[in-house]
Amino acid sequence: MKVLAELRRKTDAAISTSFRSTPPITSDDLTDLFAQEQTALKDLMEFLRQAAAGEQQ
């Protein structure tokens, strides 16, 4: 049990350090992410349309 407690302590410390070293998210970051998501969704919709058209032929 002592080993598990130590592992948990080290894991929690590593996660805490990781979050502290992560830079804050800016509005521009969110705008870029949204644009990437929109592009990915458009690409997916086009792919699905083409796949559906191919099945109908």
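Above this text you will find the structure in question.
Each value, and the rule that gives it
Residues numbered from 1 in each chain as written. Predicted model: local features only at pLDDT ≥ 70, side-chain atom pairs only at ≥ 80, totals over all residues. Heavy atoms only, no water. Patch = residues over 30% accessible without salt bridge, like charges linked within 9 Å, V, L, I, M, F, W, Y side chains within 5 Å. Areas by Shrake-Rupley, 256 points an atom, 1.4 Å probe, with all protein chains shown as cover. Salt bridge = Lys/Arg side-chain N within 4 Å of Asp/Glu carboxyl O. Helix = DSSP H or I, 4+ residues; strand = E, 2+ residues; numbered from the N terminus. Buried < 20%, exposed > 50% of the residue type's maximum accessible area, 1.4 Å probe, protein only.

A.B. asks: Where do I start with a nonpolar patch on the surface in this structure?
C.D. replies: Taken together, Leu41, Leu44, Met45, Phe47 and Leu48 make up a surface patch of nonpolar side chains, about 490 Å² in accessible area. With respect to the secondary-structure elements, Met45 resides in helix H2 (residues 27-56).

A.B. asks: Quick question: what am I supposed to make of the pattern of salt bridges here?
C.D. replies: Oppositely charged side chains can form a pair if their charged atoms are brought close together. Summed over all chains, the structure comprises four salt bridges. For Arg9, the salt bridge is made with Glu6, and the minimal N-O distance between the two is 2.6 Å. Of the two residues, Arg9 and Glu6 both sit in helix H1 (residues 2-21), three residues apart, roughly one turn of that helix. Here Arg9 falls in the partly exposed class, since its relative accessible area comes to 48%. Taking relative accessible area as the criterion, Glu6 reaches 33% and is therefore assigned partly exposed. Linking Lys10 and Glu6 is a salt bridge whose minimum nitrogen-to-oxygen distance equals 3.9 Å. Of this pair, Lys10 and Glu6 both sit in helix H1, four residues apart, which is roughly one turn of the helix.

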